Amino acid sequence: MQFKNTREFAQQLDQQDKLREYRDQFHFPNVNKKQVIYFTGNSLGLQPKNTQKYVDDIMKDWADLAVEGHFYAEKPWWDYHERLAKPLSKIVGANEAEVTVMNTLTVNLHLLMVSFYQPKGKRYKIICEEKAFPSDQYMLNSQVRFHGYDPDDAIVEIKKREGEHNFRTEDILQTIEEVGEECALILIGGVNYYTGQVFDIKTITKAGHDIGAFVGWDLAHAAGNIKLELHDWDVDFAAWCSYKYMNSGPGNASGCFVHERFHNKKDIPRFEGWWGTSKESRFLMKPEFEPMPNADAWQLSNAPVLALAPYLASLELFDEVGMDMLIEKRNLIVSYLEFILKEIDKEVDSTFEIITPSTQEERATQLSVFLHGEGRALFEYLMKNGVITDWREPNVIRLTPAPFYCSYEDMFVFGQILKQGILDKKNS
């Protein structure tokens, strides 16, 4: 497609957009009494308008039924979380039994590490990416220390090549081969939070299994963003937050995937709680833990239904649309945004550097841009003028045109605001 940097062309793309009606199903903030251009769905997704009803339903059931809401609400609370498994399984490419929702992301990664980080003898090392998201770094460091190892020895970081912004798959595979039988676990973010690079999950997972290691994925920036086939790719486990691309609300519940080959095991290392035991015998208060025959065996406590309600509301929209349609728009709107950035760059004689990979298989919704010669003042100008974007040191803005609610006209208008911000600085 031959793009044009005009409002008319952007509006034409919006008219052809199969998802255009969904924009009106989200609440937008306002700046200067105008609806913002929202580029931070990779940090916190907008609130779907159907969310309020899902929360209100629980509040009403609580008021009308009190404790009986666990069993007699329209959506009984005791199995509320089960309603999320089917739509989530479609999003992450899993069997329904392999998916559950509980706790929050880092809590779930810690719990899953109990099962999948089992250091023994010379097999004790963990492979992760260099400069992983800080929470993952803290989690991994504390895990290896808990097992009595020195993080400087036990954690092997995959490095980027000098002068490059992204990881090369061949370097990841080489590191896996070099660590070999010393590797107990590979745990990587499916999409790099800083650059937006998408990792080859299938290839890396196979390489990890070839050396006898478990392979897990932090899918915080991947779930609801990229095509996932966790079951078919033979991933051992994964976890993701729900408040980014899946729009469930700040700090909300986390999804988990545990491959079915680990189900129905009483002897697997696992921290256990009441909600992970057999549903049929749960209220018999038996002293022996009888694991649920699915990923729910990793549940600890009864589900926080007020937190799950917004997640279920958002999943209703995902179920209507499907990942294929979201990805189709994602690819086009990100390409258009890339075009706009390059056009503005030429018009103002500036130097933007997009550090997100240019190949489609290695990028998703996010474009990370170095603002050479511009700095934080330009970011602040954008924010004051209704472009809600994200700043990362030393000089990067992350732009994420989420396909559910961002429009092509947003991309054009953003380009004009960006240009004006640069020109105002040059003329001052």
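Only a predicted model underlies this, so the values are computations on that prediction, with no experimental measurement involved.

1. Looking at the sheet that holds strand E11 (residues 351–354)
Within the open sheet, the four strands sit side by side as E11-E12-E15-E14. Their pairing is antiparallel. Each of the sheet's edge strands pairs with one partner strand only, and the pair in question is E11 and strand E14 (390–392). When strand polarity is set aside, the average angle formed by the axes of neighbouring strands in this sheet is 30°. One ladder, built from four bridges, connects E11 with strand E12 (residues 367–372); its direction is antiparallel. Within E12, the position partnered with Thr 351 by the bridge is His 372. Together, E12, E14 and strand E15 (396–399) form the strand contacts of helix H12 (residues 376–384), whose direction differs from that of E14 by roughly 165°.

2. Section: a nonpolar patch on the surface
Taken together, the side chains of Phe 71, Tyr 72, Trp 274, Phe 283 and Met 285 present a nonpolar region at the surface, about 560 Å² in accessible area. Its relative accessible area of 37% is what places Phe 71 among the partly exposed residues.

3. Here's the deal with the environment of Asn 302
Note on placement: Asn 302 falls in the loop between strand E10 (254–258) and helix H10 (305–321). Taking the C-alpha atoms as reference points, Asn 302 and Trp 275, 27 residues apart in sequence, are found 5.6 Å from one another. Once residues within four sequence positions are removed from consideration, Asn 302 is found in contact with His 70 and Trp 275.

4. Some remarks on the packing of H12 against helix H13 (residues 408–427)
Direction vectors running N to C along H12 and H13 enclose 130°, while the axes themselves pass 10 Å from each other. With respect to their mutual orientation, H12 and H13 come out oblique. For the crossing formed where H12 meets H13, the hand is right-handed. Contact with H12, carried on its side by Leu 378, Tyr 381 and Leu 382, involves Phe 414, Ile 417, Leu 418, Gln 420, Gly 421, Ile 422 and Asp 424 of H13 and no other residues of that element. Of the residues belonging to the contact of H12 with H13, the class tally is seven nonpolar, two polar and one charged.

5. A closer look at the sheet that holds E10
Spatially, seven strands are ordered E4-E10-E9-E8-E7-E5-E6 in an open sheet, and the strand pairing comes out mixed. Only two strands of the sheet have a single neighbouring strand rather than two, namely strand E4 (99–102) and strand E6 (155–158). Across this sheet, the average inter-strand angle for adjacent strands is 20°, counted without regard to direction. Packing of helix H4 (residues 82–92) onto the sheet brings it into contact with E4 and strand E9 (237–240), and relative to E4 it is tilted by some 115°. Sitting on the sheet, helix H5 (residues 105–116) is in contact with E4, strand E5 (125–129), strand E7 (183–189), strand E8 (214–218), E9 and E10, with an inclination near 170° to E9.

6. Focus: the state of the cysteines
In protein structure, a disulfide is the covalent linkage between the sulfur atoms of two cysteines. Counted under the stated rule, the structure contains zero disulfides. A disulfide-free cysteine, Cys 128 has its sulfur positioned 10 Å from the sulfur of Cys 183, the nearest such atom. Free cysteine Cys 406: the closest other cysteine sulfur is in Cys 241, separated by 18 Å. Given the relative accessible area of 2%, Cys 406 is considered buried.

7. Observations concerning the pattern of salt bridges
This structure, assessed with the given rule, holds 33 salt bridges. Ionic pairing is found between Lys 18 and Glu 328, a salt bridge with its closest N-O pair at 3.9 Å. Here Lys 18 is found in the loop between helix H1 (7–16) and strand E1 (30–31), whereas its partner Glu 328 is found in helix H11 (residues 323–348), with 310 residues between them in sequence. Look at the salt bridges and you will find they share partners, linking Arg 161, Glu 164, Arg 168, Glu 170 and Asp 171 into a network.

8. So, the environment of Ala 213
For Ala 213, the position within the fold is in the loop between helix H9 (201–210) and E8. Counting along the chain gives 79 residues from Ala 213 to Met 292, while the straight-line C-alpha distance between them is 25 Å. Contact partners of Ala 213, with chain neighbours within four places excluded, come to Arg 123, Cys 183, Ala 184, Leu 185, Gly 208 and Asp 236.

Definitions and limits used
Residues numbered from 1 in each chain as written. Predicted model: local features only at pLDDT ≥ 70, side-chain atom pairs only at ≥ 80, totals over all residues. Heavy atoms only, no water. Pairing = 2+ DSSP bridges. Helix = DSSP H or I, 4+ residues; strand = E, 2+ residues; numbered from the N terminus. Axes fitted to C-alpha atoms, helices over the stretch in contact; angles between N-to-C directions. Contact = heavy atoms within 4.5 Å. Patch = residues over 30% accessible without salt bridge, like charges linked within 9 Å, V, L, I, M, F, W, Y side chains within 5 Å. Areas by Shrake-Rupley, 256 points an atom, 1.4 Å probe, with all protein chains shown as cover. Salt bridge = Lys/Arg side-chain N within 4 Å of Asp/Glu carboxyl O. Buried < 20%, exposed > 50% of the residue type's maximum accessible area, 1.4 Å probe, protein only. Parallel < 35°, antiparallel > 145°, perpendicular 65-115°, else oblique. Left-handed = near helix turned anticlockwise from the far one by under 90°. Nonpolar A, V, L, I, M, F, W, Y, C, P; charged D, E, K, R; others polar. Disulfide = S-S within 2.5 Å.

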